[in-house]
Amino acid sequence: MHNIDNKLTVMVTGIGGGGNGEQILKALRLTNRYKIIGGDMSPISKGLMETDASYLLPPATDDCYIDSVLAVCKKEKVKALFYGSEPELKAMSMHRDKIRNAGIFLPINPKKVIEICMDKVKTSAFLHKLGFNIPKSFAIRSEEDLAKIDFFPVVLKPSVGGGASANTMLAQSPKEVEMFGRYLLGIYSEFIIQEYVGTPYSEFTVGVLHSMDGELINSIAVNRSITSSLGNRLKVMNKTGRKELGETLAISSGISQGQIGRFPSVTEPCEKIAKSLGACGAINIQCRLVDDKVYVFEVNPRFSGTTSLRAMVGYNEPDILIRHHLMGEPFESHFEYSSGFITRGLEEALIKNVDFYDAKSLL
């Protein structure tokens, strides 16, 4: 085992809560190649116990957030920085030049890609314009808009945010659309309604990886198992009479598990979508395969909640980007990786005295 001081130093933020930061941390840990600095805004973050040095960060909306992260990077001689949550992705995107001018590798998509993909209404419009298959989709801004929905079942969800299927609902009738829609209009100025397509067994989460120069590296997919308790947010009997949708309608919780592999029937169309967007780095596409056609309902311009699952089969996205861009290693386009069924569970941790530093104290 190499001395930790001789390893390249990487920082991962947002490492608590079972989110993307924890996934990136797990993927990097699998390599035994890096000294990992962790950051989170919660002092009881499980991730703070699993890094080589840990820092308490202000929220991503705090005016001191970027300066606090850069202060940690300077102190720890960080060479690569990974965002672990969407608020941090937004903050780092806004200040990408400041971060990169500090000599730090920041694997982040172009601003235009982030702007489109973090808004589901803009994403649907972009994909539709380019001729990709999407579920029938409508932006909802008023109760009058709700009255125009005449197809069922439908999924109602926030246009912006809504990670892990937060405030996502499923309606099978005009009455349910009105009830759920009024609730969402009380929270958001706009949300999206999309036609529910396919069955719970036809859902995929697809990762497409490009270099930071926009060169396609590879793609991978998980055929999600969303009917189990951990992977399921919502499950109801199908009362629409549409037998092609199956007996049960289901919405994923965002915690993905299932069969992982290449699945060319879904990864190849998703590669075309990522290219059309102009992706650089990691991008994640949520879709269902219906009658041999990929219907995309969401595109996330970031590392996935399945990053460590992918790393387990030899598809380690953060490691690939570091080795290529910081270590000068060439990549093999569409390199081989293994496949299998990956299942997930819960792991408990007792937090007594977490040894961390307050990043603001470095300012």
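Quick note: structure is the one above.
For every chain, the first residue of the written sequence is number 1, and numbering continues from 1 along that sequence. Confidence filtering applies because this is a predicted model: local features only for residues at pLDDT of at least 70, side-chain atom pairs given and counted only at 80 or more, and all residues used for totals across whole chains, interfaces and linings. Excluded from the side-chain calculation are hydrogens and water; included are all heavy atoms of the structure.

### With respect to the pattern of salt bridges
Counted only if it meets this: One speaks of a salt bridge when a side-chain nitrogen belonging to Lys or Arg is within 4 Å of a carboxyl oxygen belonging to Asp or Glu. Segments assigned H or I by DSSP are reported as helices when at least four residues long, segments assigned E as strands when at least two residues long, and all are numbered from the N terminus. Type-normalised accessible area, obtained with a 1.4 Å probe on protein chains alone, sets the label of each residue: buried when under 20%, exposed when over 50%, and partly exposed for intermediate values.
Under the definition given, this model contains 23 salt bridges. Between Asp62 and Lys360 there is a salt bridge, and its shortest N-O distance comes to 3.1 Å. Taken together, the residues span a long stretch of sequence, with Asp62 in the loop between strand 3 (53–56) and helix 2 (65–76) and Lys360 in the segment after strand 17 (357–358) at a distance of 298 residues. The class for Lys360 is partly exposed, based on a relative accessible area of 36%. As a salt-bridge pair, Glu298 and Lys157 come within 3.3 Å of each other at their nearest N and O atoms. In this pair, Glu298 sits in strand 15 (residues 293–300) while Lys157 sits in strand 6 (residues 154–158), placing the two residues 141 residues apart along the sequence.

### Examining the packing of aromatic side chains
Inclusion rule: Each Phe, Tyr or Trp ring, with Trp reduced to its six-membered ring, pairs with another whose centre is within 6.5 Å; inter-plane angles below 30 degrees give stacked pairs, above 60 give edge-to-face pairs, and intermediate values give tilted ones. Two conditions define a charge sitting above a ring: the NZ of Lys or the CZ of Arg must be within 6 Å of the ring centre, and it must be within 35 degrees of the ring normal.
Taken as a whole, this structure holds 8 aromatic pairs when the rule is applied. Consider the rings of Tyr315 and Tyr337, whose centres lie 5.3 Å apart with planes at 80 degrees: the pair is edge-to-face. A residue pair is termed long-range when its members are at least 10 positions apart, and Tyr315 in the loop between helix 10 (307–312) and helix 11 (317–325) and Tyr337 in the loop between helix 11 and strand 16 (340–342) qualify at 22 residues. For Tyr315, a relative accessible area of 0% translates into the label buried. We note Lys75 situated over the ring of Tyr357; from NZ or CZ to the ring centre the distance is 5.1 Å. In this structure, Lys136 packs its charged tip against the face of Phe151, placed 4.6 Å from the ring centre.

### Remarks on the sheet that holds strand 3
Within a sheet, neighbouring strands are paired by backbone hydrogen bonds and run either parallel or antiparallel to one another. The cut-off we apply is this: Pairing between strands is defined by DSSP: at least two bridges between them are needed. In this description, contact between two residues means that some pair of their heavy atoms is separated by no more than 4.5 Å. For helices, the fitted axis covers only the stretch in contact; all axes are lines through C-alpha atoms, and the angles between them, taken along N-to-C directions, range from 0 to 180 degrees.
Spatially, 5 strands are ordered 4-1-2-3-17 in an open sheet, and the strand pairing comes out parallel. Each having just a single partner strand, strand 4 (80–82) and strand 17 make up the two edges of the open sheet. Sheet topology places strand 2 (residues 34–40) next to strand 3; 4 bridges connect them, and they run parallel. Of the residues in strand 3, the one forming a bridge with Asp40 is Leu56. Helix 2 rests against strand 1 (8–13), strand 2, strand 3 and strand 4 of the sheet, and its axis sits at about 160 degrees to strand 1.

### Observations concerning the environment of Gly161
Considering the arrangement of structural elements, one finds Gly161 in the loop between strand 6 and strand 7 (169–171). Classification of Gly161 as partly exposed rests on a relative accessible area of 28%. Not counting the four nearest positions on each side in its chain, Gly161 is found in contact with Glu86, Met118 and Lys120.

### Observations concerning the side chain of Glu203
For the record, the criterion: What qualifies as a polar contact is a pair of N or O atoms within 3.5 Å, subject to a donor-acceptor requirement within protein and to the restriction that residues adjacent in sequence count only when both atoms come from side chains.
Within the secondary structure layout, Glu203 lies in strand 9 (residues 203–210). A polar side-chain atom of Glu203 sits 2.9 Å from a polar atom in the side chain of Arg288. Ignoring anything within four residues of it in the chain, the contact list for Glu203 reads Val222, Asn223, Arg224, Ile226, Ser252, Cys287, Arg288 and Phe297.

### Here's the deal with the sheet that holds strand 5 (residues 137–140)
Judged by pairing direction, the sheet is antiparallel, and its 4 strands sit side by side in the order 5-8-6-7 without closing on themselves. Since the sheet does not close on itself, it has two edges, and those belong to strand 5 and strand 7, each with one partner. Ignoring strand direction, the axes of neighbouring strands in this sheet form an average angle of 25 degrees. Pairing geometry for strand 6 and strand 8 (residues 191–195), over 5 bridges, is antiparallel. Each bridged residue has a counterpart across the sheet, and for Val154 the counterpart in strand 8 is Glu195. Each of strand 5, strand 6 and strand 8 is contacted by helix 6 (residues 120–129), which is oriented at about 45 degrees to strand 8, the strand it contacts most. Lying on the sheet, helix 8 (residues 174–185) is in contact with strand 5, strand 6, strand 7 and strand 8; it crosses strand 7 at an angle near 150 degrees.

These figures capture arrangement, not role.
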